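Chain by chain, the residues run as shown.
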Amino acid sequence: MSDISAIESVLGDDSLHGITKRQRVFELLCAKPNLGADVAADYLTETEDEAGADYVAQYLALIPGAQAEKTRAAERLRRAGILARAASWLVPWLPDELLDGFISDYLAETKPSESPASSVVYSIGLFQPHRLRPYADRLEAHMRRALLSGAPDELVDAFLRVWQETHDLSRLEALALIRTDYARERLVASRDTVDESADWEELMELAGTLPDSGRPSGFRPAHMAFIVDRNESPHVVGGPFQGDVPVCLECEEPAERVLKLAAKSLPFDLKNDASFFWYACECEAMDSTTLRITADGETHVYFGPAAPASDSADLVPGGKRSLVIEEHPNQVGVSDEAMAGSSQHQVGGLPQWITVDRHPRCPECGSYMPFLASIGGDLTPFGELGFEGCLYGFWCDDCCVSSTKYQS
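First, a word on scope: everything that follows refers to the structure included in this document. (Residues numbered from 1 in each chain as written. Predicted model: local features only at pLDDT ≥ 70, side-chain atom pairs only at ≥ 80, totals over all residues. Heavy atoms only, no water.)

## A closer look at the overall build of the protein
- On a plain count of helices and strands, the protein comes out with 12 helices and 15 strands.
- Computed over the C-alpha atoms, the radius of gyration of the protein is 22 Å, within 12% of the 22 Å expected from 2.2 N^0.38 for a compact globule of 408 residues.
- Its C-alpha atoms give the protein principal-axis dimensions of about 60 × 55 × 35 Å.
- Look at the contacts in the protein between residues 6 or more apart in sequence, and 65% of them connect residues 24 or more apart. (Helix = DSSP H or I, 4+ residues; strand = E, 2+ residues; numbered from the N terminus. Rg over C-alpha atoms; globule rule 2.2 N^0.38 Å. Contact = heavy atoms within 4.5 Å.)

Printed below as a string of structure tokens:
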């Protein structure tokens, strides 16, 4: 049976639910050379199955690189009617002319909201908002928040005028999400007009500046991140950990290490490796972990009980993998909210929150901590991660303190 026939056989099995079909397709592709990028692209150039196209394009988006395969697949999907929606997964890798083609397809529709290209255009807004900004008045309402990223100064001034007239804090939040130097300057100048200091501090973090130190609230440049097989990168996903870790208050299960970033292999000015931790249990008692990892490997847990790490590694399929990074197409920062289960991982840049939240303070020095990484739950090429939602990692390099926040 050919590779494509094997995929079609899984998709045609009416005894399987959709999620199980997706998982089986992922297993088939993952076992192929180059993680199945060639097979996935071949399938997407031939299939007429809408669900199959979505599953396989989603899988292809979990693989780093493979730009030629992703472009080949998207070129065909653009011509495949309703299947064009699946190309939305592949937007970060597509050439400019192909992106502009999807935009033209969308704008040419009498009812753009019904266009198969609508999902692709929304994704373009997330990754390359400047490409859509000339057509803002012709876009669907839900797409426009993505265009805040890097928006012109005139929009900053417009939001300020509405804020001054209404004191609607959402206008200052929109201003903060523009994240240009001018937007930050105008936000700082508005400090005395915001009643609650906590609100203003949150806005400054959102805009890209830590309110106490004036330092950036994230590391540049921003990168997309991808879970790959073990030993393919010095950055480790999962794996064993030696030392005390936080303990779930409900079931008393020790946390596991989710991610270790090797400082020397990152384009940031970091002196120490950063590790982030979460729980494999399904309890809802915890929303963060905070601990210090010294240079000699000793740990100190804050804000709750601690216990030695266990030998289990349930959060990551296979127990231990690696993380590789590619520069993010949107260096300003994605301005629309994240969706739980999107499987998007990030290193550097500014957090794409599911729900806008504060940065934690370092319990050692008391300073607000910059964002360093996020790991989205749900799928990897190798199976599902052991949590849903998204983990946001903050790192105080001077104190070697890690804080991980969870949202769903």
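## Observations regarding the packing of aromatic side chains
- Using the criterion set out here, one finds 10 aromatic pairs in the structure.
- Consider the rings of Tyr302 and Phe303, whose centres lie 6.0 Å apart with planes at 45 degrees: the pair is tilted.
- Taking the relative accessible area as the measure of exposure, Tyr302 reaches 11% and is therefore buried.
- Here Trp353 and Phe394 contribute two aromatic rings whose centre-to-centre distance is 5.9 Å and whose plane-to-plane angle is 25 degrees, an arrangement assigned as stacked. With Trp353 in the loop between β10 (345–349) and β11 (371–376) and Phe394 in strand β14 (residues 390–396), this pair connects stretches of sequence that are 41 residues apart.
- Given the relative accessible area of 4%, Trp353 is considered buried.
- Among the aromatic side chains, those forming a connected cluster through ring pairs are Trp353, Phe371, Tyr392 and Phe394.
- For the cation-ring pair, Lys70 lies above Trp93, with the distance from its terminal atom to the ring centre recorded as 3.3 Å. (Phe/Tyr/Trp six-rings, centres within 6.5 Å; stacked < 30°, edge-to-face > 60°. Buried < 20%, exposed > 50% of the residue type's maximum accessible area, 1.4 Å probe, protein only. Lys NZ or Arg CZ within 6 Å of the ring centre and 35° of its normal.)

## Let's talk about the sheet that holds strand β15 (residues 401–407)
- Strand order in the open sheet made by the 11 strands is β5-β4-β2-β9-β1-β10-β11-β14-β15-β6-β7, with antiparallel pairing throughout. Every other strand in the sheet has two partners, leaving β5 (274–278) and β7 (299–301) as the edge strands with one partner each. Shown here is a sheet whose adjacent strand axes are inclined to one another by a mean of 25 degrees, direction ignored.
- Direction of pairing for strand β1 (residues 219–228) relative to β10: antiparallel, over a ladder of four bridges. Directly across from Ala225, in β10, lies its bridge partner His345. (Pairing = 2+ DSSP bridges. Axes fitted to C-alpha atoms, helices over the stretch in contact; angles between N-to-C directions.)

## Here we look at the layout of surface pockets
- Here the second largest pocket is characterised by a volume of approximately 470 Å³.
- Lining the second largest pocket are 19 residues, and of these Glu282, Gly386, Phe387, Glu388 and Tyr406 sit closest to its centre.
- Along the lines of polarity and charge, the residues of the lining of the second largest pocket split into 11 nonpolar, two polar and six charged. (1 Å grid on protein atoms, 1.4 Å probe; cavity = no way out; pocket = protein on both sides within 12 Å on 5 of 7 lines; lining within 4 Å. Points joined across faces, edges and corners; volume = space filled by probe spheres on them. Nonpolar A, V, L, I, M, F, W, Y, C, P; charged D, E, K, R; others polar.)

## Observations concerning the pattern of salt bridges
- On inspection of all chains with the given rule, the structure shows 19 salt bridges.
- Residue Arg131 pairs with Asp100 through a salt bridge whose shortest N-O separation is 3.1 Å. Of this pair, Arg131 sits in helix α8 (residues 129–132) while Asp100 sits in helix α6 (residues 96–108), and the two are 31 residues apart along the sequence.
- Owing to a relative accessible area of 15%, Arg131 belongs among the buried residues under this scheme.
- Arg145 is paired through a salt bridge with Glu173; the nearest N and O atoms lie 3.2 Å apart. A residue pair is termed long-range when its members are at least 10 positions apart, and Arg145 in the loop between α8 and α9 (153–166) and Glu173 in helix α10 (residues 169–176) qualify at 28 residues.
- What emerges from the salt-bridge pattern is a single network uniting Arg145, Glu173, Asp336 and Glu337. (Salt bridge = Lys/Arg side-chain N within 4 Å of Asp/Glu carboxyl O.)

## Details of helix α5 (residues 67–78)
- An ideal rise of 1.5 Å per residue puts 16 Å on 12 residues; α5 measures up with 16 Å between its terminal C-alpha atoms.
- Along α5, the residues classified as buried are Glu69, Lys70, Thr71, Ala73, Ala74, Arg76 and Leu77.
- On its buried face, α5 is in contact with α3 (37–44), α4 (50–61) and α6. (Expected span 1.5 Å × (residues − 1).)

## Notes on helix α12 (residues 197–207)
- Along α12, the positions that sit buried rather than exposed are Trp200, Glu201, Leu203, Met204, Glu205, Leu206 and Ala207.
- Buried positions along α12 lie against α10 and α11 (181–189).
- Once α12 ends, the next one or two residues include Gly208, with phi positive near 115 degrees.

## Quick word on the pairing of β5
- Within β5, five of the five residues are buried, leaving the element largely enclosed by the surrounding structure.
- The sheet contact formed by strand β4 (residues 256–261) and β5 spans five bridges and is antiparallel. Residue pairing for β5: Leu261 is matched across the bridge by Ala274.

## Some points on the nonpolar core
- Within the largest apolar cluster, 100 residues are counted, with the highest numbers of intra-cluster contacts made by Leu44, Phe102, Leu261, Leu323 and Leu372.
- Per element, the largest residue contribution to this core is seven residues, and it comes from α4.
- Among residues more than four places away in sequence, those in contact with Leu323 are Ala225, Phe226, Ile227, Val228, Ser233, His235, Val237, Leu259, Leu261, Val347 and Ile375.
- Counting 33 residues, the second largest nonpolar core, distinct from the first, contains Leu177, Leu187, Ala338 and Cys399. (Core = buried A, V, L, I, M, F, W, Y, C linked by side-chain atoms within 4.5 Å.)

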